[in-house]
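# Structural overview for review
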Amino acid sequence: MFDLIVIGAGPGGYVAAIRAAQLGLNVACIEREPALGGTCLRVGCIPSKAMLESSERFHATAHDLKRFGVKVGNVELDLAAMHKHKDACVNAGTRGVEGLFKKNKVTRYEGTAAFTGPGAIRVQGKDNVELSAKHILIATGSKPAQLRGVEMDGELIGDSTTALGYSEVPGHLVVIGAGVIGLELGSVWLRLGAKVTVLEYMDHILPGLDEEISKEALKVFKKQGFAFHLGAKVTGAKTGKKHVTVSAEGLEDIKCDRVLVATGRWANTDGLGLEHIGLKTNQRGQIEVNGHFETAVRGVYAIGDVIPGPMLAHKAEEEGIACVERIATGVGHVNYNAIPGIVYTHPEIAGVGKTEQELNAAGIEYNVGRFNFIANGRARALGETAGWVKILADKRTDRVLGAHIIGARAGDLIAEVAVAIEFGASAEDIARSCHAHPTLAECVKEAALGVAGRTIHM
Ligand code: NAI
């Protein structure tokens, strides 16, 4: 009998388990994979960032060092070593979570969890046990969506996990879906020498992003060598001995070496035995919850990719913490307006709060402040002059409503604006805060100054 059972040890589940244990609850966490950390640590955020970093260094060394006065000889790719670095990053993370579980006295079970009745869970796998708890938190995450007509063989046609592990650089990689996964992993293989063709159903890339940034990103990615077919609905893919032929409406068939299917992800509820507690999923297969992460069944909670909302590790973490804090203390809250989203391409793309499109749709008047990286001294020294910072602030109150950045280290820069939104800061608050010189962070300050038409360096 536990106070809390957490099903799933991804960033939502393991963080929730640790926080609950810190708050004095007796916690079990059930995970079917031998390694803890979920999709994020094993086959998502962490390995993809390792490959993005390695491939960017390879590409920059081969093509970009001359202008910094660095001459190099023949640059060669050692893909096996790149994978080794990636594996080391993954292992350090997953072992780290094991250590944190021990430190915080979270009891870990290895196996697949299923409800057998209210408050009752059966674990089957390496561990075979029946457990019970007053509170049960479902944090089972998501899995890649299947695409009708495109059967994944995990070899020539695969998902993001397959694309993280290619043992050689594909001659021609077709990516289906110009979302975050398609463009991040497409970038990896493009930099390593593949021809990359992206087929996207919509007429724009990176759905949900600030429109101006999505358009700029398309231009930048095309310049890097990506081939795009927008408005292309993929209808099938046929595998030959060594090649795949991809068909899309309105396009001639495309022959390629590998296909990455990156058309979204689906909530993971298979085999959870939800029927035994009378819990139904919605039309998208997700578990619906109220503002306190309570499902329709008393004592059962859900967070992360398995519930509606953006599928982001940090969103799941915040939800996990809020959920267990509420269980233990009666209070817990997530500010969905202050959750940043980042695309780790080059340049990086990051956003937080509302887009201009959302503000216009809601009839909210706003001022825009912007600053281009090219006008920042540090950006010029880094040779990273593309892109801009855009800050949106309420016309009446100057309160920061959103920020959208395309440019070097956008993912790190956005943190400042997320904090500003969390604190209910005005653009002037950011503008009056001293930012060290010379740093890229000055672009954020200058954009904030720009809200009042006071930009100094542009
Ligand atoms: P996504 O939803 O971002 O993009 C999928 C794209 O596929 C969409 O643009 C959609 O229009 C397109 N599509 C769907 N069906 C199609 C068809 N038949 N033919 C052509 N195009 C089609 O999904 P993605 O990239 O697979 O990522 C899954 C989730 O993982 C997302 O929620 C994403 O936010 C998250 N993620 C976040 C990362 C980050 O924060 N950096 C990194 C990787 C994933």
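Note that the structure is a prediction, hence the values are computed from the model and not measured.

What follows concerns the overall build of the protein chain. Counting its regular elements, the protein chain contains 13 helices and 22 strands. Since a compact globule built from 458 residues should have a radius of gyration of about 23 Å, the 23 Å found for the protein chain is in line with a globular shape. For the C-alpha atoms alone, the extent of the protein chain along its principal axes is close to 65 × 60 × 45 Å. For the protein chain, the residues scored as buried account for 50% of the 458 residues in total.

Further remarks concern the site of the ligand. Taken together, 23 residues lie near the ligand, and Ile181, Glu184, Glu200, Gly264 and Ile342 sit nearest. Between an oxygen atom of the ligand and a main-chain N or O atom of Val180, the distance comes to 3.2 Å. Considered on its own, the ligand offers 850 Å² of accessible surface; in the complex 80% of this is hidden by protein. Of all the secondary structure elements, the ones that give two or more residues to the shell around the ligand are helix H6 (180–191) and strand E10 (195–200). Here the shell around the ligand takes 3 residues from H6, the largest share from any one element.

A word on the packing of aromatic side chains. Counting across every chain of the model gives 4 aromatic pairs. Summarising the aromatic geometry, the rings of Phe2 and Tyr109 are spaced 6.2 Å apart at their centres and angled 85° between planes, so their arrangement reads as edge-to-face. Of this pair, Phe2 sits in strand E1 (residues 2–7) while Tyr109 is found in strand E3 (residues 107–110), placing the two residues 107 residues apart along the sequence. With relative accessibility at 16%, the residue Tyr109 sits in the buried group. Between Tyr166 and Trp189, the ring centres sit 5.2 Å apart and the planes meet at 45°, which makes this aromatic pair tilted. You can see Tyr166 sitting in the loop between helix H5 (160–164) and strand E9 (172–176) and its partner Trp189 sitting in helix H6, a full 23 residues away along the chain. Each of the two residues, Tyr166 as well as Trp189, counts as buried.

On to the layout of surface pockets. Rolling a probe over the atoms, with the probe sized like a water molecule, indicates the empty space that remains. Quantified by volume, the second largest pocket comes out at close to 1,300 Å³. Lining the second largest pocket are 40 residues, with Glu56, Thr345, His346, Pro347 and Glu384 sitting closest to its centre. Among the elements that make up the lining of the second largest pocket, the one with the highest residue count is helix H3 (residues 45–63) (8 residues). Of the residues that constitute the lining of the second largest pocket, the class distribution is 16 nonpolar, 10 polar and 14 charged.

Here strand E4 (residues 112–117) pairs with strand E5 (residues 120–124) via 5 bridges, running antiparallel. Within the sheet, the bridge partner assigned to Gly117 lies in E5 and is Ala120. With antiparallel pairing between neighbouring strands as the criterion, E4 and E5 make up a hairpin whose turn holds 2 residues, including Gly119 at a positive phi of roughly 70°.

Here the focus is the pattern of salt bridges. Within this structure, the stated rule accounts for 17 salt bridges. A salt bridge links Lys126 to Glu110, with the shortest nitrogen-to-oxygen separation between them at 4.0 Å. One end of the pair, Lys126, is in the loop between E5 and strand E6 (129–138); the other, Glu110, is in strand E3, and 16 residues separate them in sequence. The exposed category is assigned to Lys126, whose relative accessible area is 65%. Among the residues examined, Glu110 registers a relative accessible area of 15% and is labelled buried. Among the ionic pairs, Arg122 bridges to Glu130, the shortest N-O distance being 2.8 Å. The class for Arg122 is partly exposed, based on a relative accessible area of 37%.

Here the focus is the side chain of His135. Counting through the fold element by element, His135 comes out in strand E6. Exposure remark for His135: the relative accessible area of 15% places this residue in the buried category. Beyond its immediate chain neighbours, meaning those up to four positions away, His135 contacts Asp3, Leu4, Ile5, Gly299, Tyr301 and Ile327.

Another aspect to go through is the environment of Cys89. Along the chain, Cys89 falls in helix H4 (residues 79–104). Discounting chain neighbours no more than four positions away, the residues touching Cys89 are Ile46 and Ala50.

Another aspect to go through is the packing of H3 against H4. H4 packs onto H3 with a crossing angle of 145° between their chain directions and a minimal axis gap of 9 Å. Where H3 crosses over H4, the handedness of that crossing is right-handed. Contacts between H3 and H4 involve Ile46, Pro47, Ala50, Met51, Ser54, Ser55 and Phe58 from the former and Leu79, Met82, His83, His85, Lys86, Cys89 and Val90 from the latter. Here the contact of H3 with H4 is composed, by residue class, of 9 nonpolar, 4 polar and 1 charged.

Bringing a nonpolar patch on the surface into the picture now. A surface patch of nonpolar side chains, amounting to about 230 Å² of accessible area, comprises Phe68, Val70 and Val72. Summarising the element assignment, Val70 is placed in the loop between H3 and H4. Judged by its relative accessible area of 35%, Val70 falls in the partly exposed class.

Within the open sheet, the 5 strands sit side by side as E8-E15-E9-E10-E11. Their pairing is parallel. A single partner strand is all that each edge strand has here, and the edge strands are strand E8 (157–158) and strand E11 (227–230).

All right, on to the domain arrangement of the protein chain then. Annotation of the protein chain at the domain level lists domain 1 (2–144 + 266–334), domain 2 (157–263) and domain 3 (338–451). The C-alpha-based centres of domain 2 and domain 3 are spaced at 29 Å. Between domain 2 and domain 3, the contact holds 17 residues from the first and 16 residues from the second. Across the domain 2/domain 3 interface, buried area totals approximately 1,300 Å², and carbon plus sulfur atoms make up 63% of it. Looking at the side of domain 2 facing domain 3, the largest losses of area belong to Asp210, Glu212 and Ile213, adding up to 38% of the total buried there. A salt bridge links Glu212 to Lys390; the nearest nitrogen and oxygen atoms lie 2.6 Å apart. On the surface where domain 2 and domain 3 come into contact, there are 6 residue pairs in polar contact (both at pLDDT 80 or more).

Thresholds, definitions, all that
- Within any chain, residue numbers begin from 1 and follow the written order of that chain's sequence.
- The predicted nature of this model means local features are confined to residues of pLDDT at least 70 and side-chain atom pairs, given and counted, to a pLDDT of 80 or more, with totals for whole chains, interfaces and linings taken over all residues.
- Excluding hydrogens and water, the side-chain values take into account all heavy atoms of the structure.
- Here a helix means four or more residues in a row that DSSP labels H or I, a strand means two or more in a row labelled E, and each is numbered from the N terminus.
- In this description the radius of gyration comes from C-alpha coordinates, and the expected globular size is given by 2.2 Å times residues to the power 0.38.
- Categorising residues by exposure relies on relative accessible area from a 1.4 Å probe, with only protein chains included: less than 20% of the type maximum marks a residue as buried, more than 50% marks it as exposed, and the intermediate range marks it as partly exposed.
- Residues are labelled near a given molecule or strand when at least one of their non-hydrogen atoms is within 4 Å of it.
- Identification of polar contacts relies on pairs of N or O atoms within 3.5 Å, with a donor-acceptor requirement for protein atoms, meaning one able to donate a hydrogen and the other able to accept it, and with residues adjacent in sequence counted only if both atoms are side-chain atoms.
- For the area figures, the Shrake-Rupley method with a 1.4 Å probe applies, and any residue is considered shielded solely by the protein chains shown.
- Ring geometry is summarised as follows: Phe, Tyr and Trp rings, the Trp one being its six-membered ring, pair when their centres sit within 6.5 Å, and such pairs are stacked at plane angles under 30 degrees, edge-to-face over 60 and tilted between the two.
- Detection works on a 1 Å grid of protein atoms alone, calling trapped sets that fit a 1.4 Å probe cavities and calling open sets with protein on both sides within 12 Å along at least five of seven lines pockets, with lining residues defined by an atom within 4 Å of a point.
- Grid points are joined across faces, edges and corners, and a volume is the space filled by probe spheres set on the points.
- Amino acids outside the nonpolar list (Ala, Val, Leu, Ile, Met, Phe, Trp, Tyr, Cys, Pro) and the charged list (Asp, Glu, Lys, Arg) are all regarded as polar, and Gly is one of them.
- Here a strand pair is declared whenever DSSP counts at least two bridges between the two strands.
- Salt bridges are counted wherever a side-chain nitrogen of Lys or Arg sits within 4 Å of a carboxyl oxygen of Asp or Glu.
- Contacts were defined at the residue level, with two residues in contact if any of their heavy atoms lie within 4.5 Å.
- Interaxial angles span 0 to 180 degrees and are taken between N-to-C directions of axes, which are lines fitted to C-alpha atoms, for helices over the stretch in contact.
- In this scheme the crossing of two helices becomes right-handed for a clockwise turn of the near helix relative to the far one and left-handed for an anticlockwise turn of less than a right angle.
- A patch is a set of surface residues, each over 30% in relative accessible area and not in a salt bridge, joined within 9 Å for like charges and within 5 Å for the nonpolar side chains Val, Leu, Ile, Met, Phe, Trp and Tyr.
- Segment limits for the domains were obtained from an automatic or database-derived domain assignment.
- Summed over both partners, the accessible area (1.4 Å probe) lost when two parts come together is defined as the buried area.

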